[in-house]
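# Structural characterization, general
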Amino acid sequence: MKTKRFLSLLLTLAVLTGLCVIPTSAVETEEVATTEIEIFIENEDISEETRAKIIAYYSDPNHENDGIATCGLTCTLFGHKLEDSVVRSVTHKVRSTAPRCLEKTYTYEACTRCDYENSTLLGSSYIFCCS
Ligand SMILES: [Zn+2]
Ligand SMILES: [Zn+2]
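This structure is a prediction, so every number in the text was calculated from the model and none was measured.

Okay, the overall build of the protein chain next. For the protein chain, the helix and strand inventory stands at three helices and four strands. For the protein chain, the succession of helices and strands along the chain, N to C, is α-β-α-α-β-β-β. When each of the 131 residues of the protein chain is scored for burial, the buried share is 10%. Restricting the contact set of the protein chain to residue pairs at least 6 apart, pairs at least 24 apart contribute 66%.

Attention now moves to helix 2 (residues 48-59). Between its first and last C-alpha atoms helix 2 spans 16 Å; for 12 residues at 1.5 Å apiece the expected length is 16 Å, and the two agree. Contacts made by the buried residues of helix 2 are with strand 1 (37-41), strand 2 (82-91) and strand 3 (101-111).

Bringing the pairing of strand 2 into the picture now. When strand 1 meets strand 2, the two strands line up antiparallel, connected through five bridges. Counterpart to Phe40 in the pairing with strand 2 is Arg88.

The nonpolar side chains of soluble globular proteins are, as a tendency, buried together. The biggest cluster of nonpolar side chains holds seven residues, and these are Ile54, Tyr58, Val87, Tyr108, Ala110, Cys111 and Tyr116. Taken together, the elements giving at least two residues each to this core come down to helix 2 and strand 3. Ranked by residues supplied to this core, first place goes to strand 3 with three residues.

Bringing the pairing of strand 4 (residues 117-127) into the picture now. Taken together, the 10 bridges between strand 3 and strand 4 define a ladder with antiparallel strand orientation. By the bridge assignment for strand 4, Glu109 is matched with Asn118.

Spatial ordering of the open sheet is given by 1-2-3-4, a layout of four strands whose pairing is antiparallel. The sheet terminates laterally at strand 1 and strand 4, the two strands that pair on one side only. Across the sheet, the mean angle from the axis of one strand to that of its neighbour is 20°, orientation sign disregarded. The pairing of strand 2 with strand 3 spans 10 bridges and is antiparallel.

Geometrically, the link from Ala98 to Pro99 is a cis peptide bond, its omega value of -5° lying close to zero. With respect to the element layout, Pro99 can be found in the loop between strand 2 and strand 3. Even without a glycine there, the phi angle at Lys93 is positive, about 55°. If you trace the backbone, Lys93 turns up in the loop between strand 2 and strand 3.

In this fold, Tyr116 is placed in the loop between strand 3 and strand 4. Classification of Tyr116 by C-beta neighbours within 10 Å gives buried; the count is 20. Between the C-alpha atom of Tyr116 and that of Leu82, which follows or precedes it by 34 residues, the distance is 8.9 Å.

In this section: the environment of Arg88. Within the secondary structure, Arg88 sits in strand 2. Residues Arg88 and Ser124, spaced 36 residues apart in sequence, show a C-alpha to C-alpha distance of 9.4 Å. Excluding residues within four positions of it along the chain, Arg88 makes contact with Phe40, Glu103 and Thr105.

Reading the values: the criteria
Residues numbered from 1 in each chain as written. Chains lettered and ligands numbered in written order. Predicted model: local features only at pLDDT ≥ 70, side-chain atom pairs only at ≥ 80, totals over all residues. Helix = DSSP H or I, 4+ residues; strand = E, 2+ residues; numbered from the N terminus. Buried ≥ 20, exposed ≤ 12 C-beta atoms within 10 Å, placed from the backbone. Contact = placed C-beta atoms within 7 Å. Expected span 1.5 Å × (residues − 1). Pairing = 2+ DSSP bridges. Core = buried A, V, L, I, M, F, W, Y, C linked by C-beta atoms within 7 Å. Axes fitted to C-alpha atoms, helices over the stretch in contact; angles between N-to-C directions.

Below you can see the structure in the form of structure tokens.
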């Protein structure tokens, strides 16, 4: 009788542990989805508008420059009125072991008159940042 009760207790424990594993892994997946990105704009002289464009551009990891810009007549005739800056982005906790955070450096240019924007990746490296 005693052995049987002991076995059923073990079984209950196994079930409980099994149940506990599922929510834990769910939380881990969520952590990856909400990866934090910090944007550093090196050029202080650019307009607020371009600043906002840069933040929108680099804070979305799925942002792809499709190269399609609605170009106004002025830009077609005289070329773009460009503002440019070196931009650093730090994506936190990309890897599970140190160095965990990924730093990327870009040159970014955008036209203040139309939708044209262009970004070139200069380099990327993992940095010691978050523990
Ligand atoms: Zn333009
Ligand atoms: Zn970090």
